[in-house]
Structure formats: C-alpha cells, structure tokens
Amino acid sequence: MQIYNSLTRQKEEFVPRQGKKVNMFVCGPTVYDYSHIGHARTYISFDVIAKYLKYKGYRVKYLQNITDIEDKIIAKAKQENKEPLTLAKEFEKAYYQDVKSLGITSVYKYAPATKYIKQIVSQVKRLKEKGFAYEIPSDGFYFDLKKFPEYGKLSGRTTESAEDAVSRIDESVNKKNKGDFNLWKFSKPGEPKWKTELGEGRPGWHIEDTAITEKHFGEQYDLHGGARDLIFPHHEAEIAQMESISGKKPFVKYWLHTGFLTINGQKMSKSLGNFITIRDTLKKYSAEALRFLVLSTHYRSPIDYREEAIKSSWAGIQRIEEFLRKLSNIRRLEVQLLSGAGEILLETRKEFLEAMDDDFNTPQAIAAIFKMIKELNPLLAENKVDKKSAKKIKKLFEEFNNILGIIPRKTKKTPNEILDMIDTREKLRRDKRYSEADDLRRQISSKGYQIEDTEHGPLVKPR
Ligand code: AMP
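These figures come from a predicted structure and were not determined experimentally.

Definitions and limits used
- Residues numbered from 1 in each chain as written.
- Predicted model: local features only at pLDDT ≥ 70, side-chain atom pairs only at ≥ 80, totals over all residues.
- Heavy atoms only, no water.
- Helix = DSSP H or I, 4+ residues; strand = E, 2+ residues; numbered from the N terminus.
- Polar contact = N/O pair within 3.5 Å; in protein donor to acceptor, adjacent residues only side chain to side chain.
- Contact = heavy atoms within 4.5 Å.
- Phe/Tyr/Trp six-rings, centres within 6.5 Å; stacked < 30°, edge-to-face > 60°.
- Buried < 20%, exposed > 50% of the residue type's maximum accessible area, 1.4 Å probe, protein only.
- 1 Å grid on protein atoms, 1.4 Å probe; cavity = no way out; pocket = protein on both sides within 12 Å on 5 of 7 lines; lining within 4 Å.
- Points joined across faces, edges and corners; volume = space filled by probe spheres on them.
- Nonpolar A, V, L, I, M, F, W, Y, C, P; charged D, E, K, R; others polar.
- Domains from an automatic or database assignment.

1. Observations regarding unusual backbone geometry
Okay, so step 1: Across the junction of phenylalanine 232 and proline 233, the peptide omega takes the value -5 degrees, indicating a cis bond.
Okay, so step 2: A cis amide bond, omega -10 degrees, links lysine 249 with the succeeding residue proline 250.
Okay, so step 3: Of note, proline 250 is situated in the loop between α7 (231-246) and β11 (252-258).
Okay, so step 4: Phi at phenylalanine 360 takes a positive value of approximately 50 degrees, unusual for a residue other than glycine.

Below, the structure written as structure tokens:
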C-alpha cells in the first residue's frame, strides 16, 4: 500500500512502526463556531482513510484533539459576552453532533486541550530544562528556533525562510528570533487561566497536540493528518517540540495533508466568513451526498464547492440505489452465474482495492463501482443475474460502503412507474428525441416528481 508522505514528498510503502498497529492523530477543530463543509472535507477524508486501514486488517487507534482554549475563542466570547470555556463547550458539543450526522465513526477518542493541562505543563518544563524554551517575563514561554536547526523540514522551508514567514506567528517584541512560537501564555485579565508551576496562564496552540499524543501514543507514532494550511507553522512546531523533548526521530512516520475546500477559489474559513455550515448543508442534502462529493476528489486535491456538484453527487447515489433496488427485485433462483457476473465482481473488487491502495484514491474507487453498475445493468435488463449472484453483488456494495459511507441505509423509494419513465426519457435523450423527452418530463412532473440533469445522470426529487 502506497501513501504520499508530506515529510519525504513522495509516495512510500506503508509500513507502520509496530506490525499491524497504527496510531493515527488528526488535528481537530478550534471550537468557536459551527463547523463548515471545509472541515467536513478534511474529516470525511480521514474517516475513510482510517476505515480503509481497518478494512486492510490494521488495528487503528484514531485520536483527535479539540482546541477548546485559544485566542479566537476568547475574542468570540468577548463579542458575545460569554465565558470563553462555556462558548467552547457549546461548539464542541455541536461538533460531535455534526461528525455523528456525517457518519464519521472511526475516531476512538476526542481529546479537548483543557483536559491535558498537566501534560502540557510537563512538556513546556522539559523543553525549558533542555534549553529549547525560554521565558519572557509578563508574556510567556517560547520555543527557541535557533536550537532546532531542522525546523522547516516538513514544509520545505529553510530556517531563514521559516523565520521570514508572517502567517500565524505569535507576536511578541521580546522574542529571541522572529519565528519563535509560544508554548505558554501568562494570564491576562478576564482570560481563562490555570495555576501551574509555569505560572498562571494558558497553553499556546501547538503544544496541546504533542502533549495529547505523548499521553496516548508515546513519543513517536505512525500517522498524522490535517489540512495543508497546518503544515506550517503548526506541524513544524509539533515536530520541533516533540523531537526536542524525546531526542527521537521521526516524531511521526507519515504525514498526510488534505487539500482545501474552496468557494469561488478562496479557502472556506471561519475567519474569512465565506463558509457554509455542515448543519445548513444537511438540511438540504444527505450526509451521503456530501461524502460522495468529498470522495469524488482525491484527498490531496482542492475541491471548489458549487451547489451543482452536490446535486450531481446526489444523482450518483440515486444511480447506485436504483441498481441495488433492481438487485433486490430479482426472483430467479438458478444457482449458476449465467453471464459472467462473478468475473465482473472479482474485477471490481481488484480495481477498488488497487485504487485505495494507491494513496487512498477514492475517485478511482468510485469509478470502479460505476463501471460495475454499467457492466451489470444490461445483464439485469436481460434477466441474466440469478438471486445468489445478486446477493453477492449486494454484499460487495456493503463492503465498499462500510469504508466510503455513500449509500444511505434507509431511503425513500421513488415509485417504479416514475423510475421506468425516467429510464425511457434517458433513452429518448440518447436518441436525440428531445421533444418526446420533454413531454415525458412534464408527465413526470404532473405525477409530483422533478428531474434535474447532472453529470451523474438525472436527479429525481419529489416536487
Ligand atoms: P480549524 O477549526 O480552523 O482549526 O480547522 C480544523 C481542521 O479543518 C484543520 O485540519 C484544518 O486544516 C481543516 N480545515 C479548515 N478549513 C478547511 C477547508 N476550507 N478545507 C479543508 N480543510 C479545512
């Protein structure tokens, strides 16, 4: 199995550190607002990655942090006249509801930063003792970049260019080096604070992740994920912290980064205000449609979100459901495979696995499913698939769906009469008999159903 590793910038054979055990960590959200479909993109992708690794027989422990103390949370709480920790709790709960409704079930533990203050303090203390951290009075503790010359190895920046970067760098005039990042902030009036050996204050952003993973996984582990915006400085900082504390390299063996979900070419983000929340999207579309949309693009590539794309995903799901319905209706009991359906199944599983083994290529895996439907549909139409084969095909879909989660478990059925009319309309359109096809659309509409033509075929909706 090949995985693209951001650290080495190439695809590598996946060999976990200890046999079949995979310790996996993905950066969770900063909880000061509802999660948007950009977050959904990243978390659906890693859900499928974890599920596929489990399917391949790995024992996956997938851990995610929750940033429940941070500058943005404090700023939003101030605006809303709320306690920062109360506001964070509210949106942490909302996040759990969102991931549940998206069918994200692979995470074994969510770890809120505020529950790990003891571990965070211990890490900062060890960094200080080893000479990697220094104190700025009335400000906080900082990591001294000059002590870690390898800083920049994940993002491909030199220490100098990392120094030049201005994005999301902690501000302080008294830092030794411009890029030094904060580990612990001394308390300011009105901010949440913890009374610790470091002084009263709160953690910096980067330290929570290494404190959490050290507690659950130890000093080194297998796989770390997040979207690509986190490569620098966040993941660089994590490497600097943990490798300095432990003296062991690499801190993480495989680094995986998702591409952005953009809207009009711009990254969807809370701070830019150009976001559509997961819950608003799920009022209109199913979780499966959103998962299908996400998985139709490779996890490392960007997705520019358009409403037509999610409609087309919905239509794609309908094609699969229709096919499964046809299979359920098969009444033939002959045991033998009459027409090579068995070979098609073997070939499809092989194509699906090859795609997923190649750096989790979900669009190719989905293409293998549609290719199978296309090949089997004529056999179904000619009544050449027996009941036993139909059962095997459905079982294969279940196997795929346990990983992808794109086929709804329960759906409202479109009446057969309407499905037949839609099939006939498709045939008419293929024969370029457009006016008859339009007549049929009107008839379908008079029966209470609406059709929209999409990339994945017609989307049928009750009017
Ligand atoms: P945040 O709440 O902004 O800290 O983000 C939580 C996770 O979602 C991180 O892994 C981010 O990189 C990821 N993320 C945020 N916005 C997007 C986006 N537009 N597309 C893909 N992933 C995103």
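After presenting the structure, the write-up continues.
2. Regarding the side chain of glutamate 214
Okay, so step 1: Following the sequence through the fold, glutamate 214 ends up in helix α6 (residues 207-217).
Okay, so step 2: A distance of 2.9 Å separates polar atoms of two side chains, one belonging to glutamate 214 and the other to glutamine 123.
Okay, so step 3: Looking at glutamate 214, its side chain comes within polar contact range of the side chain of arginine 126, at 2.8 Å.
Okay, so step 4: Sequence-distant contacts of glutamate 214, defined by excluding residues within four places in its chain, comprise Gln123, Arg126, Glu219 and Met242.

3. Thoughts on the packing of aromatic side chains
Aromatic ring pairs are reported here in terms of the distance separating the ring centres and the angle at which the planes meet.
Okay, so step 1: Under the counting rule described, the total for this entry stands at 24 aromatic pairs.
Okay, so step 2: Aromatic side chains tyrosine 151 and phenylalanine 232 sit 6.1 Å apart centroid to centroid with 65 degrees between the ring planes, which places their arrangement in the edge-to-face category. Of this pair, tyrosine 151 sits in the loop between β7 (140-143) and α5 (159-164) while phenylalanine 232 sits in helix α7, and the two are 81 residues apart along the sequence.
Okay, so step 3: Look at phenylalanine 232 and you get buried, because its relative accessible area is 7%.
Okay, so step 4: Ring plane angle 90 degrees and centroid distance 5.3 Å describe the contact between tyrosine 221 and phenylalanine 251, whose orientation is recorded as edge-to-face. Of this pair, tyrosine 221 sits in strand β10 (residues 221-227) while phenylalanine 251 sits in the loop between α7 and β11, and the two are 30 residues apart along the sequence. Across the pair, phenylalanine 251 and tyrosine 221 agree in class, each one buried.

4. Concerning empty space enclosed by the protein
Okay, so step 1: Summed over all chains, the structure comprises one cavity of 30 Å³ or more.
Okay, so step 2: In this model, the largest cavity occupies a volume close to 50 Å³.
Okay, so step 3: In terms of lining, the largest cavity is formed by Ser45, Val48, Ile49, Leu295, Thr297, Tyr299, Phe360 and Thr362.
Okay, so step 4: Here the lining of the largest cavity takes three residues from helix α1 (residues 37-55), the largest share from any one element.
Okay, so step 5: Residues that form the lining of the largest cavity fall into these classes: five nonpolar, three polar and no charged.

5. Structural notes on the domain arrangement of the chain
A common way to express how large an interface is: the accessible area buried when the components associate.
Okay, so step 1: Partitioning the chain into domains gives domain 1 (2-258) and domain 2 (412-463).
Okay, so step 2: A C-alpha centroid distance of 50 Å is found between domain 1 and domain 2.

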